[in-house]
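Here are the chains, one letter per residue:
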Amino acid sequence: MIRVTIYNEFIHEQSDEIVKKVYPDGIHTLLRQELEDDEITVRTFTLDTVEEITDEVLEKTDVIIWWGHVRHMQVPDEVAGRVKEAVLKGMGAIFLHSAHHSKPFKGLMGTSCNLTWREHGDRELVWVCNPAHPIAAGIDRYIDLAHEEAYGEPFGVPEPDELVFIGHFEHGEVFRSGCCYYRERGRVFYFQPGHETYESLKHPDVIRVIKNAIHWAYPTARVSELTCPHVEKPID
């Protein structure tokens, strides 16, 4: 089984009537229901329980999925540091939508992770630009989202090691919507769809991409600690 941990802030779903209608039980609950299958098991945490994401939890997590928005700064630095360290040791990580400004993602990128945004409910076509990539498996030329928050370039992240998707919004913005990174022993995928007032996370192709990303990010060479060994002599 692939052990997945989902963190969802779970603020909007309790305070905003529109979001309550879209995700009445929370984004984390919807993702759990959609992602769990014969190969994937899921547990969830919210901002109220984020401090319970301990080293022990992360050691038993193969891939973490992170969604946050208006309470990034309330995530303790210690938790963000644990997540970053676990990724460097080999744990996979998937950051969705506004998690581009989350502490763990910014820590792994080492940049501002800023972008432009506009919420007018634009139609978005999420174009596959790397059809051979395993995260794009089963996706046709594009994913057609009726409504999404428009994200736009420049996106203040390092150049992706692999770019899988490019989003195009009906009023002209383009955005690097599916970015892969290798961070020491860990794999990181950023995926742009998932604004809380729209139903993108219910779209079957979006769920397929996230499932594909779970399998792609699954650890291949995880270590218990990061070391900087001294080599006594060169190889003969």
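Here the structure is shown first, and the text comes after it.
Anyway, here's the lowdown on the structure attached to this text.

### Some points on a negative patch on the surface
Residues D55, E59, E85 and E184 make up a contiguous surface patch of negative charge. Within the secondary structure, D55 sits in helix α4 (residues 55-59). By relative accessible area, which is 45% here, D55 ends up partly exposed.

### Considerations on the pattern of salt bridges
For the structure shown, the criterion picks out 12 salt bridges. Among the salt bridges present, the one from E159 reaches R176, with a minimum N-O distance of 3.8 Å. Highlighted residues: E159 in the loop between β6 (142-152) and β7 (162-169) and R176 in strand β8 (residues 174-183), separated in sequence by 17 residues. Here E159 falls in the exposed class, since its relative accessible area comes to 61%. Overall, R176 belongs to the buried group, its relative accessible area being 15%. In this structure, a network of salt bridges that share partners links the residues R118, D122 and E173.

### Some words on the sheet that holds β7
Sheet strands pair by backbone hydrogen bonding; their relative direction is either parallel or antiparallel. The strand order across the open sheet formed by 9 strands is β2-β1-β3-β4-β9-β8-β7-β5-β6, and the pairing between neighbours is mixed. Single-partner strands in this sheet number two, and they are β2 (40-46) and β6. Here the average twist between neighbouring strands, direction ignored, is 25°. Bridge count between β8 and strand β9 (residues 186-191): 6 bridges; the pairing is antiparallel. If you follow C180 over to β9, its bridge partner there is F189. Contacts between helix α3 (residues 27-35) and the sheet are confined to β1 (2-8), β2, β3 (63-67) and β4 (92-96), with β2 contributing the most and set at about 175° to the helix. The strands touched by helix α7 (residues 204-217) are β1, β2, β3, β4, β6, β7, β8 and β9; relative to β9, the strand with the most contacts, the crossing angle is about 165°.

### Description of the side chain of Q192
Mapped onto the elements of the fold, Q192 is located in the loop between β9 and α7. Residue classification places Q192 among the buried residues on the basis of a relative accessible area of 0%. A distance of 3.0 Å separates a polar atom in the side chain of Q192 from a polar atom in the side chain of E124. Among the polar contacts made by the side chain of Q192, one reaches the side chain of S177 at a distance of 2.7 Å. Those residues in contact with Q192 that lie beyond four places of it in its chain are H97, E124, E148, E149, Y151, F169, F175 and S177.

### A word on α3
Along α3, the residues classified as buried are I27, H28, L30, L31 and L35. Down the axis of α3, the smallest arc covering the buried residues is 160°, so these residues share one side. The elements touched by buried residues of α3 are β1, α1 (12-15), β2, β3, β4 and α7.

### A look at helix α5 (residues 77-88)
With 12 residues, α5 should cover 16 Å at 1.5 Å per step; its first-to-last C-alpha distance of 16 Å lies within 8% of that length. When we look at burial in α5, the residues that qualify are V79, A80, V83, A86, V87 and L88. For α5, the secondary structure elements touched by its buried residues are α4, β3, β4, α6 (103-109), β8 and β9.

### Some remarks on the nonpolar core
Counting 37 residues, the largest nonpolar core has F165, F189, I210 and I214 as the members making the most contacts within it. No other element matches the 8 residues that α7 contributes to this core. If we skip the residues at most four places from it in the chain, I210 touches L31, L35, I65, I94, L96, F191 and L201. Counting 34 residues, the second largest nonpolar core, distinct from the first, contains W66, M109, A150 and Y181.

### Some thoughts on the environment of V75
Considering the arrangement of structural elements, one finds V75 in the loop between β3 and α5. Classification of V75 as buried rests on a relative accessible area of 3%. Residues V75 and T111, 36 residues apart in the sequence, show an inter-C-alpha distance of 18 Å. Contact partners of V75, with chain neighbours within four places excluded, come to Y7, L47, V50, W66 and K103.

### Description of empty space enclosed by the protein
Counted according to the given criterion, the structure contains 1 cavity of 30 Å³ or more. In this model, the largest cavity occupies a volume close to 30 Å³. Along its surface, the largest cavity is lined by Y7, E9, W66, G68, H72, V75, S102, K103 and P104. Taken together, the residues of the lining of the largest cavity sort by class into 4 nonpolar, 3 polar and 2 charged.

Calculation notes
- Residues numbered from 1 in each chain as written.
- Predicted model: local features only at pLDDT ≥ 70, side-chain atom pairs only at ≥ 80, totals over all residues.
- Heavy atoms only, no water.
- Patch = residues over 30% accessible without salt bridge, like charges linked within 9 Å, V, L, I, M, F, W, Y side chains within 5 Å.
- Areas by Shrake-Rupley, 256 points an atom, 1.4 Å probe, with all protein chains shown as cover.
- Salt bridge = Lys/Arg side-chain N within 4 Å of Asp/Glu carboxyl O.
- Lys, Arg positive; Asp, Glu negative; His and termini not counted.
- Charge placed at Lys NZ, Arg CZ, Asp CG, Glu CD.
- Helix = DSSP H or I, 4+ residues; strand = E, 2+ residues; numbered from the N terminus.
- Buried < 20%, exposed > 50% of the residue type's maximum accessible area, 1.4 Å probe, protein only.
- Pairing = 2+ DSSP bridges.
- Axes fitted to C-alpha atoms, helices over the stretch in contact; angles between N-to-C directions.
- Contact = heavy atoms within 4.5 Å.
- Polar contact = N/O pair within 3.5 Å; in protein donor to acceptor, adjacent residues only side chain to side chain.
- Arc of directions from axis to C-beta.
- Expected span 1.5 Å × (residues − 1).
- Core = buried A, V, L, I, M, F, W, Y, C linked by side-chain atoms within 4.5 Å.
- 1 Å grid on protein atoms, 1.4 Å probe; cavity = no way out; pocket = protein on both sides within 12 Å on 5 of 7 lines; lining within 4 Å.
- Points joined across faces, edges and corners; volume = space filled by probe spheres on them.
- Nonpolar A, V, L, I, M, F, W, Y, C, P; charged D, E, K, R; others polar.

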